[in-house]
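Inside the fold
Here is how the chains run, residue by residue.
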Amino acid sequence: MTEFTPVTALAGGLLIGASAVLLLWMNGRIAGISGIVFRLLPSDATDRPWRWVFLLAMLAGALAHQSLPGVDYAAREGYPPLLLVIGGLLVGFGTRVGNGCTSGHGVCGLGRRSKRSLFATVVFMSTAVITTYAVRHLWVLA
Amino acid sequence: MTRLELIGATASGLLFGFGLSLSQMVEPQKVQAFLDLAGDWDPSLALVMGGAVVVTALLFPWVLRRPASLSGASFSLPTRQDIDAPLVLGAATFGIGWGLTGYCPGPALSALTLGFWEPWVFVPAMLLGAWAGGGYARRGTASAAQLADV
């Protein structure tokens, strides 16, 4: 399927960790992407300016990496659009109700030794693994 | 937003997006290859997460020993310790959507820059789901505290 890429994975992870430390140190904020972005929605709006800055800078950072020579990503082929919609709804609803995603509960929450975040991380990792198993090995999709 | 807060949000966002792209987490097939333990397993995501957590675990305590952030703003941290039903329901639901698609919020948003159509379908659906989740979280009386989390 995909190749194990230990060097770029670890380097990327260290940068993400450094990003979270920087945001806490300079702004006093937790780098949880769902929390940062969903509070830009009209219904949940709080402290919008820095959230826009972070979001746009994140997109610029991704774009900067992709503009480096030799970086080339392949699009996934044949994934059903309806599943993307269902998955998007579940991810949005779940991270809003559970107050965090892979970055907020995973990267930052575990770094703070938060019991809630550890619990949430174990739960979403488990349901993600179970879902992947069901979809790929039982339901036989892709 | 002070000048330091502007610098902090910019630098932090840049690093985050660069890191997500460098580690290929913007590729849902890469994420699914990690979640698929019974398939041709790709452990990369464990190193991404592990690398990030090592940095936060080592340096967050140092940051939080300071009286306030560099910009002067006080630390905005979740205070809750209890494990309640919305946390379990939310995390479980998130995991199902993540496993189904290979996208979580940061990578999905960052993948908008790749020029593929998938994230442009996923992200609007995710925002709609978050809007609905906000309504759900605000129902009844227990909502105010939940707004203050991550």
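Let me sum up the structure you'll find in this document. Bear in mind that the values here come from a model prediction, so they are computed numbers and not experimental data. (Residues numbered from 1 in each chain as written. Chains lettered and ligands numbered in written order. Predicted model: local features only at pLDDT ≥ 70, side-chain atom pairs only at ≥ 80, totals over all residues. Heavy atoms only, no water.)

**Description of the overall build of chain B**
Within chain B one finds seven helices and zero strands. Mapped in sequence order, the helices and strands of chain B form the string α-α-α-α-α-α-α. Overall size of chain B, expressed as C-alpha extent along the three principal axes, is 45 × 40 × 30 Å. When each of the 150 residues of chain B is scored for burial, the buried share is 57%. (Helix = DSSP H or I, 4+ residues; strand = E, 2+ residues; numbered from the N terminus. Buried < 20%, exposed > 50% of the residue type's maximum accessible area, 1.4 Å probe, protein only.)

**Digging into the pattern of salt bridges**
This structure, assessed with the given rule, holds nine salt bridges over all chains. In this structure, the salt-bridge partner of A:Asp44 is B:Arg138, at a minimum N-O distance of 2.4 Å. Taken as a pair, A:Asp44 in the loop between helix H2 (33-38) and helix H3 (48-66) and B:Arg138 in helix H6 (residues 118-138) lie in two separate chains rather than in one. A residue is classified by how much of its surface remains accessible, and B:Arg138, at 29% relative accessible area, is partly exposed. Where B:Arg80 meets B:Asp84, a salt bridge forms, and the shortest distance between an N and an O atom there is 2.8 Å. On the basis of relative accessibility, which here comes to 15%, the residue B:Asp84 falls in the buried class. One connected set of salt bridges, linked through shared partners, spans A:Arg116, B:Arg80, B:Asp82 and B:Asp84. (Salt bridge = Lys/Arg side-chain N within 4 Å of Asp/Glu carboxyl O.)

**Section: a nonpolar patch on the surface**
Together, A:Leu82, A:Val85, A:Ile86, A:Leu89, B:Leu128 and B:Trp131 make up an exposed nonpolar region whose accessible area comes to about 560 Å². Mapped onto the nonpolar patch, the elements with two or more residues apiece are helix H4 (81-97) of chain A together with H6 of chain B. A per-element tally of the nonpolar patch places H4(A) first, with four residues. Inspection of the secondary structure puts B:Leu128 in helix H6. (Patch = residues over 30% accessible without salt bridge, like charges linked within 9 Å, V, L, I, M, F, W, Y side chains within 5 Å. Areas by Shrake-Rupley, 256 points an atom, 1.4 Å probe, with all protein chains shown as cover.)

**Re the packing of H3(A) against helix H1 (residues 3-22) of chain B**
The N-to-C vectors of H3(A) and H1(B) enclose an angle of 40°; their axes lie 6 Å apart at closest approach. With respect to H1(B), the axis of H3(A) lies oblique. When the axes of H3(A) and H1(B) are compared, the crossing they make is right-handed. Contacts from A:Trp50, A:Val53, A:Phe54, A:Ala57, A:Met58, A:Ala60, A:Gly61, A:Ala62, A:Ala64, A:His65 and A:Gln66 of H3(A) reach H1(B) at B:Leu6, B:Ala9, B:Thr10, B:Ser12, B:Gly13, B:Leu14, B:Phe16, B:Gly17, B:Phe18, B:Leu20, B:Ser21 and B:Leu22. (Axes fitted to C-alpha atoms, helices over the stretch in contact; angles between N-to-C directions. Parallel < 35°, antiparallel > 145°, perpendicular 65-115°, else oblique. Left-handed = near helix turned anticlockwise from the far one by under 90°. Contact = heavy atoms within 4.5 Å.)

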